[in-house]
Amino acid sequence: MKKTRFKQLTAWLLLLLLLAAGCGKGSGSEPQTNSPSAASGETKEEEEKEQSMGRYLEYQIELPEEFEYAESWGASAVQVLESGEIALLNESAGLYVSTDMGETWEAKSASWLTELSAKQAYIPSLALAPDGSAAAVYAGGEDTPEDEEKGYHPKYIYVDPEGTQKPIQYTDDKDTLNELCFGKDNRLYGFSIQGTVYEINREDGSVQELCKVDGMTDYVCFTESYMVILTSRTIEFYDLEAKTLADKDEVIQNFISEETGGEIGSNSGSHSVVLASGEGDVIYLALDKGLYRHVAGGTVVEQIADGSMNSLGDPQMYLQGMIALPGDEFMILYNGPRLCRYIYDADVPAVPEEQLTVYSLEDDYTIRQAVSLYQKKNPGVYIRYEVGMTGDDGVVREDAIKNLNTKIMSGSGPDLIVLNGLPEQSYKEKGILADLTELEKGLTGDNALLPNLADAFREDGKLYSLPVRFRIPLVIGDPDTVKGIDSLVSLADAVEGLRQEHPQGAVTRLITEEQVLYTLGLSCSGAWLRGDGNIDETKLTEFLTQAKRIYEAEIAGWDAAELREMQDRVTNLWSETGGLTWEDFSASASSASIDIAMEESYLGIGTAKGMNVDFNVVSTLADQESGIDYAPYPGQMPNSFVPDTCVGIYANSIENELALDFFRSLFGTELQDLDLPGGMPVNAASFEKQRISPNESGENGSFSIGSSSEDGKSFSLEVLWVTDEHFQRLRDIVDAVDTASRSDSVIEQTVLEIGPRALDGSISVEDAVKEIVKKAAIYLAE
């Protein structure tokens, strides 16, 4: 069967984009408490006096009912009109205006937008002017000429305050406008993908080039003197009077680069940073860390609101727009759409007196989400989320654990500890972790957990930690092959058998040694440590032996040049993804099933970590393709699951009611109902809710995916929500698990470091095991 090797990367890239959605928001920062007046120029002494009191409070504005049915990521715009009213424009809900800061809303005519929506046009950008005029970028729709070439061919319109539509005469067929924006004086500007900035004549639609900026424009705001243009690479200041680009503002440039990691405008339908202007040339910035103030050309960017205490720090709240209001107030538009108002209250403590500390070795998305939900619900509480290795400070694992242990031994350890990557067994033995048995018994009703998952964490009748999410390892392939796999040995037998049937091309798509070791380890790593905490050399030898068989069978179908080229591409792709794990990259059940459907592999292993963009893909393909089925991947630990975000309570904090309440919230339906990247909910009621599609319309279609290969072959799939039959199959798999597949992260990393040399034949399996045991012994003795 002749196939294009590089098509294999297409499915991986496709799933990377889908799995990464919603996971790109950064970490929090220490709270700061500058008041608006302090930011405006008070003396340092006066500022310090006021820092103990006063902070911004968040109030979510109730939007009209029509917004409940609006597309969550649809184009939206918010603007302060010349009358002082607030206008909100949404591609599906329409135009609404509020005269009382969002207390009530009145629908206004926007027939032009209704027409575009009725034609099912794609609308990537909307803009509103202070005088009530509007502009839009749109493409496609039911009235698209039949003879129009395939591809993206956007059109642009300006709509005056009376509703008269006027086309924008932009005709560059080698570049397109991606953003339209109005200035404070209602002038209209357009921004092209290649960085050209235009002023658009609102009378005749003609365009005049103003300047070129570095990168694609992502967000724009206007101060008294400047058009401030935030691009994918930098921030530019266009002098409105001089009509030229001003000198770089290195202070704000460096701040944004550091806070975003240089990734500006990476989220479709949202922004990493949004801007609004205050008096004169004051610029306000909102991002996940908080709300900040900067004067153009000034020397500081100062925080005036801490994002960890409001929706800015919520990983599932994405920025779409921002406006500054009189009295140092703000409104921020989020996906949903949701609109929040921020009001400074001088009479509340700058940092709440009730405080709680949560620690994780690495940044944990689920914990960030939990902290954000809890603090928004409890504004009188401040949760300090500490991350041992941020990735930005050069701290390595050993140093991070030593720092944590020093705090613990001094009696000032964190109240809750996420144990992923930490020496949990040692903490149990030393009495550092509290027994959670009674606390877990109190999780009843809607808060009850899947009982077998909790039982898998019990040791001698005690419970020292619980997972907040979990994943199920699956093996995917043709029904007969899948049915015959009941161990790691039988998996290796199956791979070798498939290689005999298919001498050329991929069998498993696992083409690097690290991929093989990590993926197989999903249901094996927990078997490498004995009950006494030492390495089980027999199990580790079996693992490396079978992994070597699978790796050798895989690479046997590739010639040396092709193999090296693909390995290099996979390695480079992984290094560019940054925050994604190997599991997202090459051990996803949905990605594995797509590879099989695209005839790029015959057998795959990966975890199912949720319904949308994951198990739904697997179940849809299993229904549509007779050659695709799935079953639990047994590895060396049959009936196992992969736990995530395993949380314990510091023994000294077990009487702290705030710590207990936050712990309970981790397992409540408010958090557990969310679609989180760490895995499926452990809450029984939340797990059962996954049976039903969350689409309001009741339609079973979730989304469509498609790709094509270099040889012209194409693949497309309408991913349907899981059927009752497949959900029950998954539920049966989950109900049968009784073992948590988890090991010490240092042991796992040691296997990933030394194991590849056993797979490629540089050393024998026996020597690899000896080397791993020797290196691990030093760590285990500490």
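Residues numbered from 1 in each chain as written. Predicted model: local features only at pLDDT ≥ 70, side-chain atom pairs only at ≥ 80, totals over all residues. Heavy atoms only, no water.

Trainee: Explain the overall build of the protein chain to me, and be specific about the residues and the numbers.
Mentor: Within the protein chain, the regular secondary structure consists of 24 helices and 37 strands. Of the roughly 33,100 Å² of accessible surface on the protein chain, a fraction of 46% belongs to carbon and sulfur atoms. (Helix = DSSP H or I, 4+ residues; strand = E, 2+ residues; numbered from the N terminus. Areas by Shrake-Rupley, 256 points an atom, 1.4 Å probe, with all protein chains shown as cover.)

Trainee: Describe the sheet that holds strand E18 (residues 274-277), with residues and values.
Mentor: The strand order across the open sheet built from 4 strands is E18-E19-E20-E21, with neighbouring strands paired in antiparallel fashion. The sheet is open, and its two borders are formed by E18 and strand E21 (302-306), each paired with just one other strand. Neighbour-to-neighbour, the strand axes of this sheet turn through a mean angle of 25 degrees, independent of strand direction. (Pairing = 2+ DSSP bridges. Axes fitted to C-alpha atoms, helices over the stretch in contact; angles between N-to-C directions.)

Trainee: Let's hear about the sheet that holds strand E16 (residues 235-239): which residues, and what values?
Mentor: Within the open sheet, the 4 strands sit side by side as E14-E15-E16-E17. Their pairing is antiparallel. Two strands lie at the open edges of the sheet, namely strand E14 (217-222) and strand E17 (244-245), each paired on one side alone.

Trainee: Please set out the side chain of aspartate 744 residue by residue, giving values where relevant.
Mentor: Among the secondary structure elements, aspartate 744 is positioned in the loop between strand E37 (739-740) and helix H23 (745-759). Notably, aspartate 744 is buried but unbridged: the nearest opposite-charge side chain belongs to arginine 397, and the N-O separation is 4.2 Å. From its side chain, aspartate 744 meets the backbone nitrogen of valine 746 in a polar contact 2.8 Å long. Aspartate 744 has contacts with Arg397, Pro423, Leu529 and Tyr779, leaving out every residue within four places of it along the chain. (Buried < 20%, exposed > 50% of the residue type's maximum accessible area, 1.4 Å probe, protein only. Lys, Arg positive; Asp, Glu negative; His and termini not counted. Salt bridge = Lys/Arg side-chain N within 4 Å of Asp/Glu carboxyl O. Polar contact = N/O pair within 3.5 Å; in protein donor to acceptor, adjacent residues only side chain to side chain. Contact = heavy atoms within 4.5 Å.)

Trainee: Help me get a handle on the environment of aspartate 131, residues and values and all.
Mentor: By secondary structure assignment, the location of aspartate 131 is in the loop between strand E6 (122-128) and strand E7 (134-139). Distance from aspartate 131 to leucine 81, taken between C-alpha atoms, is 6.0 Å for residues 50 residues apart in sequence. Contacts of aspartate 131, omitting those with residues within four sequence positions, involve Glu82, Pro161, Asn186 and Arg202. Reaching out from aspartate 131, the side chain makes a polar contact with the side chain of serine 133 at a distance of 2.6 Å.

Trainee: If you had to explain the packing of aromatic side chains to someone new, which residues and values would you point to?
Mentor: Under the counting rule described, the total for this entry stands at 20 aromatic pairs. Between the aromatic rings of tyrosine 170 and tyrosine 198, the centroid separation amounts to 5.4 Å while the plane-to-plane angle is 75 degrees, which identifies the pairing as edge-to-face. One end of the pair, tyrosine 170, is in the loop between strand E9 (165-167) and strand E10 (177-182); the other, tyrosine 198, is in strand E12 (residues 196-200), and 28 residues separate them in sequence. A cation sits over an aromatic face here: arginine 729 above tyrosine 630, 3.9 Å from the ring centre. (Phe/Tyr/Trp six-rings, centres within 6.5 Å; stacked < 30°, edge-to-face > 60°. Lys NZ or Arg CZ within 6 Å of the ring centre and 35° of its normal.)

Trainee: Break down the environment of glycine 648 for me, citing the residues and quoting the values.
Mentor: Considering the arrangement of structural elements, one finds glycine 648 in strand E33 (residues 640-649). Sequence separation of glycine 648 and isoleucine 432 is 216 residues, and the distance between their C-alpha atoms is 9.5 Å.

Trainee: Before we move on, could you go through helix H5 (residues 250-260) and cite the residues and values that matter?
Mentor: Along H5, the residues classified as buried are Ile252, Gln253, Phe255, Ile256 and Thr260. For H5, the buried positions fall inside an angular range of 165 degrees around the axis, keeping them on one side. At its buried positions, H5 is contacted by strand E15 (226-231), E16, strand E19 (282-287) and strand E20 (290-295). Just beyond H5, the residue with positive phi is glycine 261, at close to 65 degrees. (Arc of directions from axis to C-beta.)

Trainee: Tell me what's going on with the nonpolar core, and back it up with residues and numbers.
Mentor: The biggest cluster of nonpolar side chains holds 75 residues, and the ones touching the most others in it are Leu416, Phe470, Phe662, Phe663 and Leu666. At 7 residues, the largest contribution of residues to this core is made by helix H18 (residues 611-624). Leaving out residues up to four positions away in the same chain, leucine 666 has contacts with Ile367, Ala370, Leu416, Val468, Val647, Leu671 and Gln672. (Core = buried A, V, L, I, M, F, W, Y, C linked by side-chain atoms within 4.5 Å.)

Trainee: Break down the side chain of serine 490 for me, with residues and values.
Mentor: Topologically, serine 490 is positioned in helix H12 (residues 488-501). Owing to a relative accessible area of 13%, serine 490 belongs among the buried residues under this scheme. There is a polar contact of 2.9 Å between the side chain of serine 490 and the backbone nitrogen of aspartate 486. Beyond its immediate stretch of four places on either side in the chain, serine 490 contacts Gly484 and Ile485.

Trainee: Requested: an account of the pairing of E6, with residues and values cited.
Mentor: Counting buried positions over the 7 residues of E6 gives 5, a clear majority of the element. For E6 and E7, the ladder comprises 5 bridges, and the chain directions are antiparallel. Note that in E7 the partner of leucine 128 across the bridge is alanine 134. Hairpin remark: E6 followed by E7, antiparallel, with 5 residues in the connecting loop; positive phi at glycine 132, about 95 degrees.

Trainee: Describe a negative patch on the surface, naming the residues involved and giving the relevant values.
Mentor: Judged by side-chain charge, Glu62, Glu65, Glu66 and Glu68 come together as a negatively charged surface patch. Relative to the helices and strands, glutamate 66 is located in the loop between strand E1 (53-61) and strand E2 (76-80). (Patch = residues over 30% accessible without salt bridge, like charges linked within 9 Å, V, L, I, M, F, W, Y side chains within 5 Å. Charge placed at Lys NZ, Arg CZ, Asp CG, Glu CD.)

Trainee: Let's hear about the pattern of salt bridges: which residues, and what values?
Mentor: Across all of its chains, the model carries 34 salt bridges by this definition. Taking the shortest distance from any N to any O, the salt bridge between glutamate 236 and lysine 248 comes out at 3.3 Å. Residue glutamate 236 is located in strand E16, and its partner lysine 248 is located in the loop between E17 and H5; the two are separated by 12 residues in the primary sequence. Among the residues examined, lysine 248 registers a relative accessible area of 41% and is labelled partly exposed. Sharing partners across several salt bridges, the network here consists of Glu688, Arg691, Asp724, Arg731 and Asp735.

Trainee: Explain the pairing of strand E13 (residues 207-212) residue by residue, including any values.
Mentor: Strand direction decides the pairing type here: E12 and E13, joined by 5 bridges, are antiparallel. Paired with valine 197 across the two strands is cysteine 211, which belongs to E13. Linking two consecutive strands that pair antiparallel, namely E12 and E13, is a turn of 6 residues; a positive phi of about 80 degrees is found at glycine 205 within it.

Trainee: Just give me the short version of the packing of helix H14 (residues 537-555) against H23, but keep the residues and values in it.
Mentor: Where H14 meets H23, the closest approach of the two axes is 9 Å, and the angle between their N-to-C directions is 55 degrees. For the element pair H14 / H23, the angle class is oblique. Handedness of the H14/H23 crossing: right-handed. Facing Leu540, Phe543, Leu544, Ala547, Lys548, Tyr551 and Glu552 of H14, the residues of H23 in contact are Val751, Gly755, Ala758 and Leu759. (Parallel < 35°, antiparallel > 145°, perpendicular 65-115°, else oblique. Left-handed = near helix turned anticlockwise from the far one by under 90°.)

Trainee: Describe unusual backbone geometry, naming the residues involved and giving the relevant values.
Mentor: Between glycine 336 and the following residue, proline 337, the backbone shows a cis peptide bond with an omega angle of -10 degrees. Take proline 337: it is sitting in the loop between strand E23 (329-334) and strand E24 (338-349). Residues other than glycine seldom take positive phi values, yet aspartate 460 does so here, at roughly 55 degrees. Classification of aspartate 460 by relative accessible area gives exposed; the value is 83%. At threonine 645, a residue that is not glycine, the phi angle is positive and equals roughly 50 degrees. Its place among the elements puts threonine 645 in strand E33.

Take it as geometry only, folks, not as evidence of what the structure does.
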